[in-house]
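The primary structure of each chain is shown beneath.
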Amino acid sequence: MGKLEDLVSLAREPGGVRIRTHERDGEKYKNTFVGSEMVQFLQHHELARNHAHAMRLMEDMLGMGLLRPVHCQSVYCQPPPPPPTTTTSTQRHKSKHKKTTQNTKKQQMRKEKKHKQKKHKQKRNKQKTS
């Protein structure tokens, strides 16, 4: 077992965190504990260096799914953010190709516009000389 799993096991043993039925907003939650009691337990048994360390351990336990929040007002209960998405070389190639295609279309449109302007100018000059 890893360190965090061991801490959860210790907390569940007699003399650990009080696990009981809690009630909140009219709902009962069996076999639960209060997070602040776990933090106190970790500090009291010197399993955490300080309050911040105990909170980080709790956050890690939540992140690993060793603990589940029933109701939480702390930022530590928020699920961890999803890992950043990475683009594959194929996606980058497609994206680059799309940009290149868009740039080529813009360039083509500019050329056509210049060509039309040039033709129009030539036509006007012809009319003036005639």
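Scroll up to find the structure this text is about.
So, here's what we can say about the structure. Because the structure is predicted, anything quoted here is derived from the model rather than measured.

Here we look at the packing of helix α1 (residues 3–12) against helix α3 (residues 51–63)
Running from amino to carboxyl end, α1 crosses α3 at an angle of 100°, the nearest separation of the two axes being 10 Å. In this view, α1 runs roughly perpendicular relative to α3, as classed from their interaxial angle. Contacts between α1 and α3 involve Leu4, Leu7 and Val8 from the first element and Leu57, Asp60 and Met61 from the second. When grouped by side-chain class, the residues that make up the contact of α1 with α3 number five nonpolar, no polar and one charged.

A closer look at unusual backbone geometry
We note that Asn31 has phi near 55°; this positive angle belongs to a residue other than glycine. By secondary structure assignment, the location of Asn31 is in strand β2 (residues 27–32). Relative accessible area serves as the criterion here: at 66%, Asn31 is assigned to the exposed category. With phi around 55°, Glu46 is a residue other than glycine that occupies positive phi space.

Here is what the cut-offs are and how they apply
- Residues numbered from 1 in each chain as written.
- Predicted model: local features only at pLDDT ≥ 70, side-chain atom pairs only at ≥ 80, totals over all residues.
- Heavy atoms only, no water.
- Axes fitted to C-alpha atoms, helices over the stretch in contact; angles between N-to-C directions.
- Helix = DSSP H or I, 4+ residues; strand = E, 2+ residues; numbered from the N terminus.
- Parallel < 35°, antiparallel > 145°, perpendicular 65-115°, else oblique.
- Contact = heavy atoms within 4.5 Å.
- Nonpolar A, V, L, I, M, F, W, Y, C, P; charged D, E, K, R; others polar.
- Buried < 20%, exposed > 50% of the residue type's maximum accessible area, 1.4 Å probe, protein only.

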